[in-house]
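Below are the chains, spelled out letter by letter.
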Amino acid sequence: MPKMTRAKARQIFERLAEASPEPKTELYYKNPFTLTVAVALSAQATDEGVNKATKALFEVADTPEKMAALGEKELGEYIKTIGLWRNKAKNVIALSQKLIDEFGGEVPQSREELESLPGVGRKTANVVMNVAFGQPTIAVDTHIFRVGNRTGLAPGKNPLEVELGLEKIVPEDFIQHAHHWLILHGRYICKARRPECWRCPIVDLCGFKDKVMSPDSPKKNGAKPAKKPPRKRRKRNSPPSRS
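Conventions used here
- Residues numbered from 1 in each chain as written.
- Predicted model: local features only at pLDDT ≥ 70, side-chain atom pairs only at ≥ 80, totals over all residues.
- Heavy atoms only, no water.
- Helix = DSSP H or I, 4+ residues; strand = E, 2+ residues; numbered from the N terminus.
- Buried < 20%, exposed > 50% of the residue type's maximum accessible area, 1.4 Å probe, protein only.
- Contact = heavy atoms within 4.5 Å.
- Areas by Shrake-Rupley, 256 points an atom, 1.4 Å probe, with all protein chains shown as cover.
- Core = buried A, V, L, I, M, F, W, Y, C linked by side-chain atoms within 4.5 Å.
- Axes fitted to C-alpha atoms, helices over the stretch in contact; angles between N-to-C directions.
- Left-handed = near helix turned anticlockwise from the far one by under 90°.
- Parallel < 35°, antiparallel > 145°, perpendicular 65-115°, else oblique.
- Expected span 1.5 Å × (residues − 1).
- Arc of directions from axis to C-beta.

K.L.:
Just to check I follow, could you spell out the overall build of the chain for this structure?
P.N.:
A tally of regular secondary structure across the chain gives ten helices and zero strands. When the helices and strands of the chain are read in sequence order from the N terminus, they spell out α-α-α-α-α-α-α-α-α-α. The buried share of the chain, reckoned over its 243 residues, is 42%. Counted over contacts in the chain with a minimum sequence separation of 6, partners at least 24 positions apart contribute 56%. Within the structure as shown, the chain displays about 14700 Å² of accessible surface, and the carbon and sulfur contribution to it stands at 51%.

K.L.:
Would you mind showing me how to read the nonpolar core here?
P.N.:
Of all hydrophobic cores here, the largest spans 32 residues; its most connected members are Leu57, Met67, Leu75 and Leu114. Contributing elements (two or more residues each) for this core: helix 2 (32–41), helix 3 (47–60), helix 4 (64–79), helix 5 (85–103) and helix 7 (122–131). Dropping the residues within four chain positions of it, leucine 57 is found in contact with Met67, Leu70, Leu75, Tyr78 and Ile79.

K.L.:
Honestly, the packing of helix 2 against helix 3 in this entry has me stumped. Any pointers?
P.N.:
For any two helices packed against each other, one specifies the inter-axial angle together with the distance between the axes. Axis separation between helix 2 and helix 3 bottoms out at 10 Å; the angle between their running directions is 150°. When you trace helix 2 past helix 3, the crossing you get is right-handed. Taking contact as the criterion, the partners of Thr34, Val37, Ala38 and Leu41 in helix 2 are, on helix 3, Val50, Thr54 and Phe58.

K.L.:
Teacher, can you tell me more about the packing of helix 4 against helix 5 here?
P.N.:
Relative orientation of the contacting elements helix 4 and helix 5 amounts to 175°, with a least axis distance of 8 Å. Judged by the inter-axis angle, helix 4 sits roughly antiparallel to helix 5. Across from Pro64, Glu65, Met67, Ala68, Gly71, Glu72, Leu75, Gly76 and Ile79 in helix 4, the residues of helix 5 making contact are Trp85, Arg86, Lys88, Ala89, Lys90, Val92, Ile93, Ser96, Gln97, Leu99 and Ile100.

K.L.:
Just to check I follow, could you spell out helix 5 for this structure?
P.N.:
A turn of α-helix holds 3.6 residues, and therefore any two residues three or four places apart point the same way. Taking 1.5 Å per residue, 19 residues should reach 27 Å; helix 5 reaches 25 Å between its end C-alpha atoms and fits that length. For helix 5, the full list of buried residues reads Lys88, Ala89, Val92, Ile93, Leu95, Ser96, Leu99 and Phe103. The buried residues of helix 5 occupy an angular sector of 160° when the element is viewed end-on, so they sit on one face. In helix 5, the exposed residues that point more than 90 degrees away from the buried face are Arg86, Lys90, Asp101 and Glu102. If you follow the buried residues of helix 5, they end up packed against helix 2, helix 4 and helix 6 (111–115). Once helix 5 finishes, glycine 104 follows within two positions and takes phi at roughly 60°, a positive value.

K.L.:
Would you mind going over unusual backbone geometry with me for this structure?
P.N.:
Note on backbone geometry: most residues besides glycine have negative phi, and most peptide bonds are trans. Here glutamine 44, not a glycine, exhibits a phi torsion of approximately 55°, which is positive. As for its position among the elements, glutamine 44 is in the loop between helix 2 and helix 3. The backbone of leucine 84 shows a phi angle near 60°, a positive value even though the residue is not glycine. Among the structural elements, leucine 84 can be located in the loop between helix 4 and helix 5.

As structure tokens, this is what we get:
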């Protein structure tokens, strides 16, 4: 795959921006605290599934104090439809208590402090910094990891490599919303199993070789047709033996 140029990267984000002028997270939240909780709960879960649980949860617990008072057991009743909910409930109560004890009940704005919270990793910290506090960070999830590698924008063996690659290639005037454009693109068009290249706005700029150019055909563009198996020769009847 040829190396992505800055000029081509700019074209990619110009088109993504045109397709979605005001991208935003699809997670439901009310403030920086509920955003932190929602992103932490979304690990190995869908945004839709998390939203179904947190709509009711955030009505009764939208601050660290209210969440800590709720307790791990009662919190579990709200989020038990989410994968790994027991461990997540434990982390949410712990991070709520830590916010109360060490940060005056306020969500910190630095990556280092955010990552010190139970259940908060680099991706969650980047989302909170970007969405809640307007910092130009790029949170690499499975969608962005796939798009970064598949398109050639930022190839990498792990999320951190892709993140650092995107920071270098994304034009400065697009970096604030870059991860939202890439998430939405990966979620709805550049899908894992069968990318919908026939309706992709950046198909001609993408370095992916096995593009799927027709919604009606499982064949991929450029793929060689399968070879037909060789025809078996029919054995001739052997002549009868002479006695």
